[in-house]
Amino acid sequence: MKRALALAASVVLWGTVSAVAEQPVLIEVEGFAQRGGWVVDPQFMDQMGSPYLLAHGLGRPVADATTEVEFPTTGAYRVWVRTKDWVAQWKAPGAPGKFQVLVNSKPLDTVFGTEGAQWHWQDGGKVDIAERRVRLTLHDLTGFEGRCDAILFSRDAKFTPPNRDPEMVAFRRACLGLSEQPEPAGKFDFVVTGGGIAGTCAAISAARLGLKVALVQDRPVLGGNNSSEVRVWLQGARNKEPWPRIGDVVAELEQDRRAHYGPTNTADLYEDEKKLAVVAAESNIRMFLGHRVNATETGDGKIRAVIAQEIDTGRRVRIAGRWFADCTGDAAVGALAGADLEIEPKGRMGPCNLWNVCECKDTNAINTTTAAMAEPQPFPRCPWALDLTDKPFPGRSKTKPDTNALGGWYWESGFDRHPIEDMEYIRDWNFRAMYGAWDAMKNVDKVLPNHRLNWSAHILGKRESRRLMGDVVLCFDDLTKDVKFPDGCTPTGWSNDLHLPDPKYEKGFEGDAFISRADFGHFPAIRERRPFWIPYRCLYSRNVSNLFMAGRDISTKHDALGAVRVMRTGGCMGEVVGMAASLCKKHDTTPRHIYQSYLDELQGLMRRGVGKNPGANPDYDNGAEPKRKPAPKNPPVVAKPAWLAKAGPNLALAAKVSVPGGSLLNDGKADVADNSGRWLGRDKLPHEIGFAWEKPVTIGAARIISGFFDGAVTAPITDFVLQWHDGAEWKDISGSAAKENRDPYWSCKFPPVTAAKVRLLVTKTKGDVSRIWEVELYGLVAAK
């Protein structure tokens, strides 16, 4: 129990002091047993030394963080708290991040977060510890981004803890009882660092091709910018000819619904659990969630291992491998390993912290009129925020404020700040812009009286930092000249979208603009609505022989980054990198040698794909190109039943689909000449495809478009039935069953049912593969 308590609180004794009674007690607050409303922030630990807890309350004090600590002895201790006044670097007044430390429910006299522009140990005075077991509490006073790294108790009143590395890191390890050498965590074929869409796809692809994979991610969720923590939807292309299988894994991870801006952009849309479940289902992958890579071991021009620090405990592990992938976006592994890289000196794209506001209602109001239900939401003046009293910004209007223009992608800063060293500055500048804008609207314009700040990302949504150099460095000239690389492997599908400060909002903030505009650089592929294919030689390092990369840190110039940085494209890169890594193992070779000697074999894997629910031709097998008929001059017309004209809206469009890649089933597209637009079910029959709505709907007709196009549409699903859920169990919808179906455009009317859940149950189909372009469900249809 004593060991468990110490680990939960991240408390141990500094063993370099001889007398137990004199040993200092260090508490790393990210290890608190109960964090309350405080959030763990590891984004800047490489710069300031540690993860920390952040009181990200949007102006409402967050719930207390608490833990229990066992001291070596009772008596008088001097207290130090590592923190800072986060706005002091701008000489801004007010110290908004105030908080208290409570010992056994009694606050120390000092209020913390009130001094110092940089991270430092703030003196908390003396406290008497009367009993060895003590309850510690972090108590937020403002909700305005107070932050705490660690708490130290020392019997030596003259002792001052070190505040700079390497002394500070040695002190922390001694206090935490951690070895100078990291613990061995195993040897892997392929080590992927970065659990965004690119890294997750790389890990899945390699694992499905037989590699033993480590996936290292410094957050508790996967998806990166496409997680609930950041809330950016996927953009770019996937599943495009001539490599329609590239993107199958992306499709498995992609969420079925998405929102734009405002309070409808909720956490659940990003389906964090689905991404984790897809990876957890792969027996060849070991996830290291909550681990940040901050060192590498190299030799002979190769990476031997990465060293990762566990966020909650400080424990370090050594993860050895033969091949590595840097999918961190910041090129963290490549930079540590000495890989050639570039950083645009000025005028880079900056990161966002998306945010939104919502209107509040008094749900206890007796009168349910709009006026009676409105709940006033005061907001304090923020003299420490950006002063936007007389400044324009998107969404501002004294007559018609636009709440959906607040906190969108263009709330972006850091264009001329260092993209690694200045990241905390940039994130906090984004916070000051948000709070300053809301202060101006609430207290100067006096609009939106019943609205409050609803959500803001505390994790940065990054666009550009370091780029690792490969054998090809893609540039905008390649895009404009429409270069056809022989090793083109990943589709772009996005204009060359580069961001710069918006001059409409820059006055007064030159050098630190916080609103951007997009400069869309078009090129032939975009104008012709087809992808540009990024070469494989952009996906490996030119001087670290066993290092791949995928995502926004690939080998490209700044002037072409806008076309390749989006996440669907990054995920496709990851799929190809995983395939290439499998060939590296097969042939005991390097990523470069795959291009030089085994490009045909890589393209065979690209042709076959590694998806479980691929959206393209299911008849690709083992890299063999199927026989194809030329595209028809007149594509087939989808047959329409007579009742469709009066059927009303297709209710399936608004449903959430239960299967991975299910968005293909209800995207409103039924282009039967395009096999890449289908959902494919390959699991063991029966195949169950669920449709769910927030409220019950009434369904009286259906149309299912299925099969395979090869000059004509064949192989539709054969035996199936529609079912509805009555709240207790699934029941067949009378009249909806099909046996030995041969109609690719099957349709049916039936007695209407009202339900919030409907499913299609497929029990027989050609080759046990369900191939479906679209499932359409319609409301009550009058009998003919």
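Structure: above.
Residues numbered from 1 in each chain as written. Predicted model: local features only at pLDDT ≥ 70, side-chain atom pairs only at ≥ 80, totals over all residues. Heavy atoms only, no water.

Asker: It is not clear to me how the overall build of the protein chain should be interpreted in this structure. Could you clarify?
Answerer: Helix and strand counts for the protein chain come out as 15 helices and 36 strands. In terms of principal-axis extent, the alpha carbons of the protein chain reach across some 85 × 75 × 60 Å. Split into buried and exposed, the 784 residues of the protein chain put 59% on the buried side. A sequence separation of at least 24 residues applies to 77% of the contacts in the protein chain between residues at least 6 apart. Element-wise, carbon and sulfur atoms account for 51% of the exposed surface of the protein chain, whose accessible area totals about 31,100 Å². With 101 positive and 96 negative side-chain charges, the protein chain shows a separation of 3 Å between the mean positions of the two kinds. (Helix = DSSP H or I, 4+ residues; strand = E, 2+ residues; numbered from the N terminus. Buried < 20%, exposed > 50% of the residue type's maximum accessible area, 1.4 Å probe, protein only. Contact = heavy atoms within 4.5 Å. Areas by Shrake-Rupley, 256 points an atom, 1.4 Å probe, with all protein chains shown as cover. Lys, Arg positive; Asp, Glu negative; His and termini not counted. Charge placed at Lys NZ, Arg CZ, Asp CG, Glu CD.)

Asker: What am I meant to see in helix H9 (residues 423-444) here?
Answerer: Given 3.6 residues per turn, any residue in an α-helix points the same way as the ones three and four places further on. Compared with the 32 Å implied by 1.5 Å per residue over 22 residues, the 30 Å span of H9 between its first and last C-alpha is a close match. Most of H9 sits inside the fold, with 21 of its 22 residues counted as buried. Phi for Lys 446, located one or two positions after H9, is positive at around 55°. (Expected span 1.5 Å × (residues − 1).)

Asker: Please clarify how the pattern of salt bridges should be interpreted in this entry.
Answerer: Opposite charge on two side chains permits pairing when their charged atoms draw close. Summed over all chains, the structure comprises 55 salt bridges. Lys 586 is paired through a salt bridge with Glu 601; the nearest N and O atoms lie 2.5 Å apart. Highlighted residues: Lys 586 in helix H13 (residues 567-587) and Glu 601 in helix H15 (residues 599-608), separated in sequence by 15 residues. Residue classification places Lys 586 among the exposed positions, given a relative accessible area of 58%. Overlapping salt bridges, with partners in common, bring together Asp 41, Lys 84, Arg 147, Glu 424, Arg 427 and Asp 428 in one network. (Salt bridge = Lys/Arg side-chain N within 4 Å of Asp/Glu carboxyl O.)

Asker: Explanation requested: the sheet that holds strand E7 (residues 99-103) in the structure shown.
Answerer: By definition, the strands of a sheet pair up through backbone hydrogen bonds, in either a parallel or an antiparallel sense. The strand order across the open sheet formed by 4 strands is E5-E10-E7-E8, and the pairing between neighbours is antiparallel. Edge strands, defined here as strands with exactly one partner in the open sheet, are strand E5 (65-70) and strand E8 (106-107). (Pairing = 2+ DSSP bridges.)

Asker: For this particular structure, what's the right way to read the sheet that holds strand E11 (residues 144-148)?
Answerer: Taken in spatial order, the 3 strands make up an open sheet running E3-E4-E11, and their pairing is antiparallel. Each edge of the open sheet carries a strand with a single partner, namely strand E3 (39-41) and E11. Geometrically, the sheet is characterised by an average inter-axis angle of 35° between neighbouring strands, direction not taken into account. Pairing of E3 with strand E4 (residues 52-56) involves 3 bridges; the strand directions are antiparallel. (Axes fitted to C-alpha atoms, helices over the stretch in contact; angles between N-to-C directions.)

Asker: Explanation requested: the packing of aromatic side chains in the structure shown.
Answerer: Each aromatic ring pair is specified by the distance between its two centres and by the angle formed by the two planes. Counting across every chain of the model gives 29 aromatic pairs. Taking 5.1 Å as the distance between ring centres and 75° as the angle between the ring planes, the aromatic pair formed by Trp 409 and Tyr 410 counts as edge-to-face. With a centroid separation of 5.8 Å and an interplanar angle of 70°, the aromatic rings of Trp 643 and Tyr 778 are classed as edge-to-face. Remark: Tyr 778 occurs in strand E36 (residues 770-778) and Trp 643 occurs in the loop between H15 and strand E28 (656-657); sequence separation between them is 135 residues. A connected cluster of aromatic rings, assembled from ring pairs, spans Trp 86, Phe 144, Phe 379, Trp 384, Phe 431 and Tyr 435. One cation-aromatic arrangement involves Arg 231 over Trp 455; the distance from NZ or CZ to the ring centre is 3.9 Å. (Phe/Tyr/Trp six-rings, centres within 6.5 Å; stacked < 30°, edge-to-face > 60°. Lys NZ or Arg CZ within 6 Å of the ring centre and 35° of its normal.)

Asker: How should I be thinking about the packing of helix H4 (residues 197-208) against helix H6 (residues 272-280) in this particular structure?
Answerer: Two numbers describe a pair of packed helices, the interaxial angle and the distance between the axes. For the pair H4 and H6, the least separation of the axes is 10 Å and the interaxial angle reads 25°. Taken together, the axes of H4 and H6 lie roughly parallel to each other. Seen from above, H4 lies across H6 with left-handed handedness. Residues Ile 197, Thr 200, Ile 204 and Arg 208 of H4 touch H6, and the partners they reach there are Lys 275, Val 278 and Val 279. Residues that form the contact of H4 with H6 fall into these classes: 4 nonpolar, 1 polar and 2 charged. (Parallel < 35°, antiparallel > 145°, perpendicular 65-115°, else oblique. Left-handed = near helix turned anticlockwise from the far one by under 90°. Nonpolar A, V, L, I, M, F, W, Y, C, P; charged D, E, K, R; others polar.)

Geometric values such as these leave the question of function open.
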